[in-house]
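The primary structure of each chain is shown beneath.
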Amino acid sequence: MHIDMQTAEAELTRKLGGLPDAAGIAWATIWLEACGYSGLKLLAEALKDEYRTLELTRDALGLDLQQVSCAFLAPAIMRDVKANGRAFLRNVRHGLYMLPFAVRENTGLGCPVDPSFAVGGERHKNPYVEKLDLAAAQGLEIDAALWRAI
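Fair warning: this is a prediction, and the values are worked out from it, not measured in the lab.

> Please set out the environment of Lys-82 residue by residue, giving values where relevant.
Position of Lys-82 relative to the elements: it lies in helix H4 (residues 70-84). Spatially, the C-alpha atoms of Lys-82 and Asp-64 are 17 Å apart, while their sequence positions differ by 18 residues.

In structure tokens, the structure reads:
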């Protein structure tokens, strides 16, 4: 299915309805799709999870995400990092969702495929600019079945 980024983001925000940070989740999902990652697949998995919220509490090791998907937690994690500095994340699910937020905030990000990683510090480059510009100009090809499933 071919769709432009703005329409996809608006429609996905609508589909996510009353979820906290629905617009941010939709933006990140479309951002991931534009950069060649499976944002819709990850979101579809996350939407099947029982838990979608978590009160973020720092301990001596950082933030324990208790396997709650970063699809739902990434905006809150970024607010916490902005307020309190770098955080080590553990028990992470769908950590790739941290990437769009970290790039937008020009914040460093440890490996999002590792089950534990750090968020915070300075980012030195943005390797996604060309992919995002191309997707903005030409639109996205997304999986229609996944789109309907959300």
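That was the structure; now back to the text.
> So what's going on with the environment of Ala-44? Which residues, and what values?
By the element assignment, Ala-44 lies in helix H3 (residues 39-47). A C-alpha to C-alpha distance of 15 Å links Ala-44 and Trp-27, two positions 17 residues apart in sequence. Other than its neighbours up to four places away in sequence, Ala-44 contacts Leu-146 and Ile-150.

> Describe in detail the pattern of salt bridges, supporting the description with residues and values.
Per the stated rule, a full pass over the model turns up six salt bridges. Measuring nitrogen to oxygen at the nearest pair gives 3.8 Å for the salt bridge that ties Lys-82 to Glu-105. On the criterion of sequence distance, the pair formed by Lys-82 in helix H4 and Glu-105 in the loop between helix H5 (98-104) and strand S5 (107-109) is long-range, its members being 23 residues apart. Among the residues examined, Lys-82 registers a relative accessible area of 69% and is labelled exposed. Connected via shared salt-bridge partners are Lys-82, Arg-104 and Glu-105.

> Residues and numbers for the packing of aromatic side chains, please.
Enumeration over the complete set of coordinates arrives at three aromatic pairs. Residues Trp-27 and Phe-101 carry aromatic rings whose centres are separated by 5.2 Å and whose planes lie at 70° to one another, so their mutual orientation is edge-to-face. Of this pair, Trp-27 sits in helix H2 (residues 22-34) while Phe-101 is found in helix H5, placing the two residues 74 residues apart along the sequence. Residues Trp-27 and Phe-101 agree in their burial class; the two are buried. Aromatic pair Trp-31 and Tyr-128: ring centres 5.0 Å apart, planes at 55°, arrangement tilted.

> Any chance you could break down the pairing of strand S4 (residues 87-90) for me, citing the residues and the numbers?
Bridging between strand S3 (residues 62-64) and S4 involves two bridges; their strand directions are parallel. Opposite Asp-64, over in S4, you have Arg-90 as the bridge partner.

> Any chance you could break down the packing of helix H1 (residues 5-15) against H2 for me, citing the residues and the numbers?
When two helices pack together, their arrangement is given by the angle between the helix axes and by the axis-to-axis distance. It is the contact of H1 with H2, at a shortest axis distance of 8 Å, that shows an interaxial angle of 140°. Put simply, H1 runs oblique to H2. The two elements H1 and H2 cross, and the hand of that crossing is right-handed. Taking contact as the criterion, the partners of Met-5, Ala-8, Glu-9, Leu-12 and Thr-13 in H1 are, on H2, Ala-22, Ala-23, Ala-26, Trp-27, Thr-29, Ile-30 and Ala-34.

Rules used in this analysis
- In this numbering scheme, every chain counts its residues from 1 along its sequence in written order.
- Side-chain atom pairs in this predicted model are given and counted only at pLDDT of 80 or more, local residue features only at pLDDT of at least 70, and totals for whole chains, interfaces and linings cover all residues.
- Here the side-chain values reflect all heavy atoms present in the structure, with hydrogen atoms and water set aside.
- Here a helix means four or more residues in a row that DSSP labels H or I, a strand means two or more in a row labelled E, and each is numbered from the N terminus.
- Note on definitions: a residue-residue contact is assigned when non-hydrogen atoms from the two residues lie within 4.5 Å.
- Criterion for a salt bridge: a side-chain nitrogen of Lys or Arg within 4 Å of a carboxyl oxygen of Asp or Glu.
- Working definition: with a 1.4 Å probe on protein chains only, accessible area under 20% of the residue-type maximum means buried, over 50% means exposed, and in between means partly exposed.
- Think of it this way: a Phe, Tyr or Trp ring, Trp meaning its six-membered ring, pairs with another when their centres are within 6.5 Å, and the plane angle makes it stacked under 30 degrees, edge-to-face over 60, tilted otherwise.
- Paired strands, in this sense, are two strands between which DSSP finds at least two bridges.
- Fitted lines through C-alpha atoms serve as axes, helices being fitted only where they are in contact, and the angles separating the N-to-C directions of these axes extend from 0 to 180 degrees.
- Relative orientations are named as follows: roughly parallel for angles under 35 degrees, roughly antiparallel for angles over 145 degrees, roughly perpendicular for angles from 65 to 115 degrees, and oblique for any other angle.
- A clockwise turn of the near helix away from the far one marks a right-handed crossing, whereas an anticlockwise turn of less than a right angle marks a left-handed crossing.

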